[in-house]
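Remarks on the overall topology
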Amino acid sequence: MIGGLFLHLALLLLFAPLLLGIITKTKALFGGRIGAPLLQSYFDLARLWRKGFVFSRTTTWVFLAGPVVGLVVPLLAALLIPFGALPAPVSFEGDLILFVYLFGLSRFFTALAALDTGSSFEGMGAVREVTFSCLAEPTVLFSLLVLARLSDGLSLNTLLGSHLLTAWQSEAGASLSLILVCLFVVLLVENSRIPFDDPNTHLELTMIHEVMVLDHSGPALAMILYGAALKMMVLSALLVKLALPWQTGWWLGDVGLFLAGQIGVAVLIGVIESSMARLRLPRVPQVLIGTSLLSIFALVLVLR
Amino acid sequence: MNRSKLIRFTHGACISLKELPCLDFTEFRESLLEEIAGDGRVASFFAMPADDGFDLYAILAHDWREEFALLHCRVGDVYPALTPDCPQLHLFEREIAEQYGVLPEGHPWLKPVRFHNSWVDAADIWRRDPQQHPIPGDMDFYRVEGAGVHEVAVGPVHAGVIEPGHFRFQCHGEEVLSLEISLGFQHRGLEPQLIGGPHPASIHQMEAAAGDTTIGHTTAYSQVLESLAGVEVASRAYSVRAIALELERLANHIGDIGAMAGDVGYLPTASFCGRLRGDYLNLTAELCGSRFGRGLVRPGGVAFDLDLPLQEKLLQRLAVLEPETRGAVELCFDSPSVLARFEGTGRLSTDDAETLGLVGVAARACGLMRDARLHHPVAEREFDTPVIDTDGDVFARGNVRRQEIYASHDLIRDLIKRLPEGEDQRSLGPLAADSLALSVCEGWRGEVVHVGITDGAGKLARYKIVDPSFHNWSGLAMVLRGQQISDFPLCNKSFNLSYCGFDL
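A short note on the overall build of chain A
The helix and strand inventory of chain A stands at eleven helices and zero strands. Scanning chain A from its N terminus toward the C terminus, one meets helices and strands in the order α-α-α-α-α-α-α-α-α-α-α. Computed over C-alpha atoms, the radius of gyration of chain A comes to 19 Å, within 12% of the 19 Å expected from 2.2 N^0.38 for 304 residues, which places it in the range of a compact globule. Seen through its principal axes, chain A has C-alpha atoms that stretch 55 × 45 × 40 Å. The buried share among the 304 residues of chain A stands at 55%. Taking as baseline every contact in chain A between residues at least 6 positions apart, the subset at least 24 positions apart corresponds to 79%. For chain A, the accessible surface area stands at approximately 12,700 Å², while carbon and sulfur atoms represent 73% of it. Taken as two groups, the 17 positive and 17 negative side-chain charges of chain A have centres that lie 7 Å from each other.

Below is the structure:
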């Protein structure tokens, strides 16, 4: 139990920034460049951490609460979700609701911190982020319902248990593929990746997530960046477990399989970002409604 | 109407001011509106102080007749504004009001243009303190009020490394109701510095009038002096200038397409075009040692010859670059996700473009055939493959650039093949006294118009520069109406206007 907890946290804290490095490297290779070193995101975090805080006089404690909550939430959420074949250290009936709404809490504080600055850009970004997340929520819940239907429990450990391997081979395989696609879209939206958002843009008017953190600097920005990396790893843990439900029977093998899956997701994101343009902003809600419908369809298939 | 009082002339002519009729204002106004109604457009409109009041000069271009019309009248401190009847004059009239304190009465949008003190000791019509330099952007912005309406102010300092300009959006949610653009942050006072010239520094100031249009501005400037001096530029120098102008167009158009791809997050074209732009800039560097063409064009000719080994080198490099460029550009225009962003975004109707007096790429993307290379060549016409698109959206502006890139390659090859032998520099004698000369050069962004007027001693008494951006910023403000605010950077990039070319 305690060992599992430490392994979980160690994996998360050590490997999350690497995923960002892999995405950047993939994009650089597609663009014909060498690109930044794989470990650049670690260097960036160290550099930011050494800097001082800068706070605008118009802001309050909420401004700092945003990054702190943004860092703590993925850590808590990580304890609820199995990393590949490694079971979640904390598990209880209905923890999937907590898992989903922990991220809601972090979003609430990020948006509040953005509004706290009083900047017109940040307000705009907060509106966009909240709107898109609202639309992404049904997809996540319906997908989890599909998983709940296929298992006989309501904790993430049971939902993402060893029965998935047989479920893939049964009739439920179609539903599982559908929710895999839906959850991947949600992963891209939640982590502000192309085609929904462009994490590299400097154009404040087109940003969604990035614009909300424009006024943060130094350690606060480091917390935000680290929190974002953790969030991506936690959310893609869901995908990795769904796509690679195998168990090796040896904990090191399980860790290896899990990390390979995470790297695979990062490369896939990099490939998508290198081969696609961003969607127009009004198209994003349409896509999210589409994924909601797909996940409802997946649910109908398993309820049949 | 009394047409005999208009002077009609072609590009390269030098007009004696003594023979120039001075119309009374009513005649001036009626002739101008009649010319505009008869397919004319404003190429330049400026004032010059006279003994009793101010001389107004209007230069109207008739593209398909390949000629210009010149109107001249004298006004006092106040005159009835022409803008209500001819909207393309609105910035020109504001400019005159700021420079000389001449009030265009009834101007619907009378705000400062570049935020500088009046050039003459006239009372400032905005009652600003003449002892202090005005603060750029200090003006009353248009405001929309109501539930759900919010204001977004962007700039003058931007997130990217670009020029300074202030943009004020009135939005309802994500929709832009109105955009007002306030520039002038880079005003250097180029025009007054040229008075009494040409000075030794003038050519260098022209090279920096708009740093990305060095060849365009220096060519226009040189042509004005050549017309005033009555010297015809050697045909070899003329061709070398044309080649340099196309190289400048290539580098900038490719940079623009890459930047547009970057704005929609399409990395492959953004990366490739960034590299290719550098390669084209290096071709200009081969020619004259400067990637931006500084030091190449000089009044009377060109300072660097395009000799045989260099011709070979350019042709070889172009042969390598052209397929690479086509690959990078076509990749972007073949990509459905990119087209979904480009098509239908930032649309401007042909009528609006004509009313606002747009020029260059932006005008051609709206279906207006305005290309000085075609209509107003100073010597023989080498160019006969103009490009237009009719949709007026971001795609059209990108597409015009794409087709012009391909046309420029052909044009450069053709120019090198037919490069005439002979001298490349002729000395200029003294400039004709009391004369006016106009020069037009199709820079990559659009037509660059320079007008020079000399005094009795043959020195420049007034020099007027019109960068294409001066016409086109209004077009950008116009296309934003009803657009998503998140599409502003893309629309802006598709115009890619110059801030310093406007600010002068």
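Concerning the overall build of chain B
Along the backbone of chain B there are 16 helices and 15 strands. Over its C-alpha trace chain B gives a radius of gyration of 22 Å, about what one expects of a compact globule, namely 23 Å for 504 residues. In terms of overall dimensions, chain B has C-alpha extents of about 70 × 60 × 45 Å along its principal axes. Counting every position in chain B, which comprises 504 residues, the buried fraction comes to 62%. Taking all contacts inside chain B whose residues are at least 6 apart in sequence as the whole, residues at least 24 apart take part in 66%. Side chains of chain B carry 46 positive and 72 negative charges; the gap between the two charge centres is 3 Å.

Some points on the sheet that holds strand β9 (residues 166-172) of chain B
Residue and element names in this part refer to chain B. If you trace the three strands from one edge of the open sheet to the other, you get β8-β9-β10, paired in antiparallel fashion. Each end of this open sheet is capped by a strand with a single partner; those strands are β8 (149-154) and β10 (175-182). Neighbour-to-neighbour, the strand axes of the sheet open up by a mean angle of 20 degrees, direction not taken into account. With six bridges connecting them, β8 and β9 associate as antiparallel partners. In the sheet register, Val149 faces β9, and the bridge partner there is His172. Contacting β9 and β10, helix α14 (residues 468-479) runs over the sheet at an angle of about 160 degrees to β10.

Some words on the packing of aromatic side chains
Residue and element names in this part refer to chain B. A complete count under the given rule lists 23 aromatic pairs over all chains for this structure. Relative to Tyr100, the ring of Phe54 has its centre 5.4 Å away and its plane inclined at 45 degrees; by these criteria the two rings are tilted. Here Phe54, found in strand β4 (residues 53-62), pairs with Tyr100, found in helix α2 (residues 90-100); they are 46 residues apart in sequence, far enough to count as distant. Connected via pairs of aromatic rings, a cluster forms that spans Phe167, Phe169, Trp473, Phe488 and Tyr499. Just above the ring of Phe141 sits the side chain of Arg168; from NZ or CZ to the centre is 4.0 Å. In this structure, Arg326 packs its charged tip against the face of Tyr406, placed 4.0 Å from the ring centre.

Overview of the interface of chain B and chain A
With 31 residues of chain B at the contact, the number on the chain A side is 24 residues. Between chain B and chain A, the buried area comes to about 2,100 Å², and carbon and sulfur atoms account for 61% of it. Its largest share of buried area at the contact with chain A, chain B owes to Leu267, Arg341 and Ser486 of chain B, together 20% of the area lost on that side. A salt bridge links Arg280 of chain A to Asp487 of chain B; the nearest nitrogen and oxygen atoms lie 2.8 Å apart. The tally of links from chain B across to chain A stands at five residue pairs in polar contact (both at pLDDT 80 or more). Of all the secondary structure elements, the ones that give two or more residues to the side of chain B that touches chain A are β8, α6 (235-263), α7 (267-288), α9 (336-342) and α15 (488-495) of chain B. Here the element with the most residues in the side of chain B that touches chain A is β8 of chain B; it accounts for five residues. Here the side of chain B that touches chain A is built from residues that sort into 15 nonpolar, ten polar and six charged.

A short note on the packing of helix α1 (residues 2-30) of chain A against helix α2 (residues 40-50) of chain A
All names here are of chain A. Closest axis-to-axis distance for the α1/α2 pair is 7 Å, and the angle between their directions is 115 degrees. Here Leu14, Phe15, Pro17, Leu18, Leu20 and Gly21 of α1 lie close against α2, whose contacting residues are Ser41, Tyr42 and Leu45. Grouping the constituent residues of the contact of α1 with α2 by class yields seven nonpolar, two polar and no charged.

As for the domain arrangement of chain B
Residues and elements named next belong to chain B. Its domain assignment divides chain B into domain 1 (3-105) and domain 2 (190-503). For domain 1 and domain 2, the distance between their C-alpha centres works out to 26 Å. Every contact between the two is made by 35 residues of domain 1 and, on the other side, 38 residues of domain 2. In this assembly, domain 1 packs against domain 2 so that about 3,000 Å² is buried in total across both faces, 62% of it on carbon and sulfur atoms. Inspection of the region where domain 1 meets domain 2 yields three salt bridges.

A word on the environment of Ala365 of chain B
All names here are of chain B. Tracing the backbone through its elements, the reader meets Ala365 in the loop between α11 (360-364) and α12 (372-375). Separated by 18 residues in the primary sequence, Ala365 and Arg347 place their C-alpha atoms 9.8 Å from one another. Dropping the residues within four chain positions of it, Ala365 is found in contact with Asp389, Thr390, Asp391, Gly392, Ala396, Arg397 and Val400.

Topic: the pairing of strand β14 (residues 447-454) of chain B
Residue and element names in this part refer to chain B. Among the eight residues in β14, eight count as buried, and that is most of the element. Alternating residues of β14 divide into Glu447, Val449, Val451 and Ile453 and Val448, His450, Gly452 and Thr454, and every residue in both groups is buried. Sheet analysis places strand β13 (residues 435-442) next to β14, joined by seven bridges and oriented antiparallel. Among the inter-strand pairings, Leu438 is bridged to a residue of β14, identified as Val451. The hairpin formed by β13 and β14 contains four residues between the paired strands, and Gly446 there has a positive phi angle of roughly 155 degrees. With six bridges joining them, β14 and strand β15 (residues 460-466) adopt antiparallel strand pairing.

Observations regarding helix α9 (residues 218-243) of chain A
Helix length check: α9 of chain A, at 26 residues, gives a terminal C-alpha distance of 37 Å against a target of 38 Å (1.5 Å per residue), a fit within 8%. The element α9 of chain A is largely enclosed, with a buried count of 21 among its 26 residues.

Considering the environment of Ala172 of chain A
Residues and elements named next belong to chain A. Structurally, Ala172 can be placed in the loop between α7 (164-169) and α8 (173-190). Judged by relative accessible area, Ala172 falls into the buried class, the value being 9%. Separated by 129 residues in sequence, Ala172 and Leu301 place their C-alpha atoms 7.6 Å apart. Excluding anything up to four places from it in sequence, Ala172 contacts Leu150, Ala167 and Val302.

Looking at helix α11 (residues 283-303) of chain A
Residues and elements named next belong to chain A. Its 21 residues give α11 an end-to-end C-alpha distance of 31 Å, which sits within 8% of 30 Å, the value for a rise of 1.5 Å per residue. Among the residues making up α11, those that are buried are Val284, Pro285, Leu288, Thr291, Ser292, Ser295, Ala298, Leu299 and Val302. For α11, the angular spread of buried residues about the axis comes to 130 degrees, placing them on one side. Where α11 is buried, its residues contact α5 (120-150) and α8.

Structural notes on the nonpolar core
Core analysis: the biggest nonpolar cluster contains 146 residues, and Phe28, Leu32, Phe45, Leu56, Phe169 and Phe342 of chain B have the highest contact counts within it. The element best represented in this core is α6 of chain B, accounting for 14 residues. Taken domain by domain, this core gets at least three of its residues from each of domain 1 (3-105) and domain 2 (190-503) of chain B. Not counting chain neighbours up to four residues away, the residues in contact with Phe28 of chain B comprise Leu23, Phe45, Leu56, Ala58, Leu71, His72, Cys73 and Leu82 of chain B. The next biggest cluster of nonpolar side chains, apart from the first, holds 73 residues, and it includes Leu11, Val140, Val186 and Met223 of chain A.

Definitions and limits used
- Residue positions are given per chain, counted from 1 along the sequence in the order it is written.
- Here the convention is simple: chains get letters from A, ligands get numbers from 1, in the order in which they are written.
- Two thresholds apply to this predicted model, a pLDDT of at least 70 for residue-level local features and 80 or more for giving and counting side-chain atom pairs, whereas whole-chain, interface and lining totals are computed over all residues.
- For side-chain calculations, the full set of non-hydrogen atoms in the structure is used, while hydrogens and water are omitted.
- Numbering of helices and strands starts at the N terminus; helices are DSSP runs of H or I of at least 4 residues and strands are runs of E of at least 2.
- A radius of gyration in this sense is built from C-alpha atoms; the matching globule rule multiplies 2.2 Å by the number of residues raised to 0.38.
- Note on classification: 1.4 Å probe, protein chains only; a residue is buried when its accessible area is under 20% of the maximum for its type, exposed when over 50%, partly exposed between these limits.
- Working rule for contacts: check all heavy atoms of both residues, and any pair within 4.5 Å makes them a contact.
- Shrake-Rupley sampling with a 1.4 Å probe provides the accessible areas, and residues are treated as covered by the protein chains on show and by no other component.
- In this charge count, Lys and Arg are treated as positive and Asp and Glu as negative; neither His nor the chain ends contribute.
- A charge is said to be at NZ when it belongs to Lys, at CZ for Arg, at CG for Asp and at CD for Glu.
- By definition, two strands form a pair when at least two bridges between them are found by DSSP.
- Helix axes are fitted to C-alpha atoms over the stretch in contact, other axes to C-alpha atoms as well, and angles between N-to-C directions run from 0 to 180 degrees.
- Stacked, tilted and edge-to-face are the three classes assigned to paired rings of Phe, Tyr and Trp, where Trp is represented by its six-membered ring and a pair needs centres within 6.5 Å; plane angles under 30 degrees give stacked, over 60 edge-to-face, the rest tilted.
- Put simply, a charge is over a ring when the Lys NZ or the Arg CZ is close to the ring centre, within 6 Å, and near the line of the ring normal, within 35 degrees.
- Buried area is calculated as the accessible area (1.4 Å probe) missing from two parts once they are joined, with the contributions of both summed.
- When a carboxyl oxygen of Asp or Glu is within 4 Å of a side-chain nitrogen of Lys or Arg, the pair counts as a salt bridge.
- Nitrogen and oxygen atoms within 3.5 Å of one another constitute a polar contact, given that in protein one can donate a hydrogen and the other can accept it, and given that sequence-neighbouring residues count only through two side-chain atoms.
- Amino acid classes used here: Ala, Val, Leu, Ile, Met, Phe, Trp, Tyr, Cys and Pro are nonpolar; Asp, Glu, Lys and Arg are charged; the rest, including Gly, are polar.
- Domain delimitation follows an automatic or database domain assignment.
- The span expected for a helix works out to 1.5 Å for each residue beyond the first.
- In this context, the arc is that of the directions from the helix axis out to the C-beta atoms.
- Throughout this description, the term nonpolar core refers to a set of buried Ala, Val, Leu, Ile, Met, Phe, Trp, Tyr and Cys residues connected via side-chain atoms within 4.5 Å.

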